[in-house]
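# Structural description and commentary
Letter by letter, the chains look like this.
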Amino acid sequence: MKIFIDTAKISEIREAISWGIVDGVTTNPSLIRKAVEEEKKDMSLEDYIAELLKVAGPDRPVSLEVMGLKSEDMIREAEILYDKFNGIAGNVVIKIPINTYAGHYEGLKTIKRLSEEGIPVNCTLIMTPEQALLAAKAGARYVSPFAGRIDDYLRETKLGLKRGQDFQKGDYYPWDGKGVDDNGIRSGADLVEKTVMILENYDYETEVIASSIRNARQVREVAMIGVHIATIPFHVLQSMLLHPKTEEGVKKFSEDAEKAGYREIFS
Ligand code: E4P
């Protein structure tokens, strides 16, 4: 499974790359906003994005999202982003929402046009496998099913729970659900599984990015499913490394190494 880091913070991208585990980066306007507030300092936003693309480097695709809602606006913005930034490291992917508002089909039209122009698209805000199928058919390079937001949706609309009160953003929600579903989708991991299954049935080259990942156990589940890519926030990557018995083991081994006289070998 490829791992993308789901952040726009350059410090986090740099650190995770140094661990040798990063294959790409995804950003969205909310992540850019957070990064800008914390890390941009006196740089312009353009310079900040240019630096982020350089740090990611030529072999790691970086998704940048448009802000328009109409196809003509999204196409224009995508072309501007691609022309302005792809020359830096050749790694720009444009994020296009599958749909912007009901009754209009701006996302698909945009994906079709950009893929014809050779601009790679990550189709975002995928909440059903059917949306992913259409995005792949229209030419998306990646589709991003939002696992965590589907878990939120099931808890909020089907179980009547409130985020921040009855459950927290990072709380685990079981793969097989809690007896409720959204038109047959039992959880975020279930959405990812069905999306992968459908695209693999028809040998699409489109890769599935498990997105809106909120905790380590969700990463385990999407990896068991065999998803091509998971995009993971930095704090979830950190949590994937933790176990009390690992810490306890390291402490004991260090103490015994000291007692056994290891230090002499290294001095
Ligand atoms: C990444 O592509 C998505 O924008 C991101 O994973 C959304 O995560 P969130 O639902 O936790 O905001």
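Residues numbered from 1 in each chain as written. Predicted model: local features only at pLDDT ≥ 70, side-chain atom pairs only at ≥ 80, totals over all residues. Heavy atoms only, no water.

## Comments concerning the sheet that holds strand S8 (residues 229–232)
Pairing between sheet strands relies on hydrogen bonds along the backbone, with the strands arranged either parallel or antiparallel. Put simply, the test is: Between any two strands, at least two bridges found by DSSP are needed for them to pair. The helix count covers DSSP runs of H or I at least four residues long, the strand count covers runs of E at least two residues long, and both are numbered beginning at the N terminus. To get an axis, a line is fitted to the C-alpha atoms, and for a helix only the part in contact is used. The angle between two axes follows their N-to-C directions and goes from 0 to 180 degrees.
Spatially, the 8 strands close up into a barrel ordered S1-S2-S3-S4-S5-S6-S7-S8, and their pairing is parallel. This sheet shows a mean twist of 30° between the axes of neighbouring strands, independent of strand direction. Here strand S3 (residues 62–65) pairs with strand S4 (residues 92–97) via 4 bridges, running parallel. Within S4, the residue paired with Leu64 across the bridge is Ile94.

## Let's talk about the nonpolar core
Note the cut-off: We call a set of buried residues a nonpolar core when its members are Ala, Val, Leu, Ile, Met, Phe, Trp, Tyr or Cys and they connect through side-chain atoms within 4.5 Å of each other. Think of it in three bands: with a 1.4 Å probe and only protein chains considered, a residue is buried below 20% of the maximum accessible area for its type, exposed above 50%, and partly exposed in between. Note on contacts: a residue pair is in contact if any heavy atoms of the two residues lie within 4.5 Å.
Ranked by internal contacts, the top residues of the largest apolar core, which has 61 residues, are Ile94 and Val143. Apart from the residues lying within four places of it in its own chain, the contact partners of Val143 are Asn122, Cys123, Ile126, Ala132, Ala135, Ala136, Thr195, Leu199, Thr206, Glu207, Val208 and Ile209.

## Structural notes on the site of the ligand
Heads up, the rule is: One heavy atom within 4 Å of a molecule or strand is enough for the residue carrying it to be called near that molecule or strand. Pairs of N or O atoms are called polar contacts if they sit within 3.5 Å, as long as, within protein, a hydrogen donor faces a hydrogen acceptor (for residues adjacent in sequence, only side-chain-to-side-chain pairs). All accessibility values rest on the Shrake-Rupley procedure with a 1.4 Å probe; residue burial counts only the protein chains present in the view. Gly falls in the polar group here, along with every residue not listed as nonpolar (Ala, Val, Leu, Ile, Met, Phe, Trp, Tyr, Cys, Pro) or charged (Asp, Glu, Lys, Arg).
Taken together, Asp6, Thr26, Asn28, Lys95, Phe146, Arg149, Lys169, Ser211, Ser212 and Arg214 make up the full set of residues near the ligand. At a separation of 2.6 Å, an oxygen atom of the ligand approaches a polar side-chain atom of Arg149. Side-chain polar atom of Lys169 to an oxygen atom of the ligand: 3.3 Å apart, as the coordinates give it. Against a free-state accessible area of 350 Å², the protein chains account for coverage of 91% of the ligand. Here the residues of the shell around the ligand sort into 1 nonpolar, 4 polar and 5 charged.

## Considerations on the domain arrangement of the protein
Where we set the bar: These domain boundaries are the output of an automatic or database domain assignment.
Taken domain by domain, the protein consists of domain 1 (2–242) and domain 2 (243–267). Once you take the C-alpha centre of each, domain 1 and domain 2 turn out to be 41 Å apart.

## Quick notes on the pairing of strand S7 (residues 207–210)
Where burial is concerned, the two faces of S7 agree: the one with Glu207 and Ile209 and the one with Val208 and Ala210 are both buried. In the sheet, strand S6 (residues 142–145) pairs with S7 via 2 bridges, with the strands oriented parallel. Bridge pairing in S7 places Val143 opposite Val208.

## Thoughts on the packing of helix H1 (residues 10–18) against helix H3 (residues 45–56)
Using the following cut-off: The scheme is simple: roughly parallel for angles under 35 degrees, roughly antiparallel for over 145, roughly perpendicular for 65 to 115, oblique for anything else.
The contact between H1 and H3 brings their axes to 10 Å, and the two run at 5°. It follows from the interaxial angle that H1 and H3 lie roughly parallel. Here Ile10, Ile13, Arg14 and Ile17 of H1 come into contact with H3, specifically with Tyr48, Glu51, Leu52, Val55 and Ala56. For the contact of H1 with H3, a count of residues per class yields 7 nonpolar, no polar and 2 charged.

## Here we look at the environment of Gly179
Relative to the elements of secondary structure, Gly179 occurs in the loop between helix H7 (147–158) and helix H8 (188–201). Spatially, the C-alpha atom of Gly179 lies 37 Å from that of Lys109, the residues being 70 residues apart in sequence.

## A short note on the pattern of salt bridges
Formally: Salt bridge, as used here: a side-chain nitrogen of Lys or Arg that lies within 4 Å of a carboxyl oxygen of Asp or Glu.
Per the counting criterion, the structure on display carries 21 salt bridges. The salt bridge involving Asp152 is made with Arg163; its shortest N-O contact spans 2.8 Å. Of this pair, Asp152 sits in helix H7 while Arg163 sits in the loop between H7 and H8, and the two are 11 residues apart along the sequence. Note on Arg163: relative accessible area 39%, which makes it partly exposed. Close ionic contact of Arg214 with Asp152 constitutes a salt bridge, the shortest N to O distance being 3.3 Å. Of this pair, Arg214 sits in the loop between S7 and helix H9 (216–225) while Asp152 sits in helix H7, and the two are 62 residues apart along the sequence.

## A short note on the environment of Glu193
Counting through the fold element by element, Glu193 comes out in helix H8. For Glu193, a relative accessible area of 24% corresponds to the partly exposed category. Residues Glu193 and Arg141, spaced 52 residues apart in sequence, show a C-alpha to C-alpha distance of 18 Å. Each residue touching Glu193, except ones within four places of it in the same chain, is listed here: Trp175 and Ile225.

## With respect to unusual backbone geometry
Positive phi is not limited to glycine here, since Asn183 has a value of about 50°. Phi angles above zero are rare outside glycine, and Ser212 is one such case at about 55°. Summarising the element assignment, Ser212 is placed in the loop between S7 and H9. According to the relative accessible area criterion, Ser212 is buried, its value standing at 8%.

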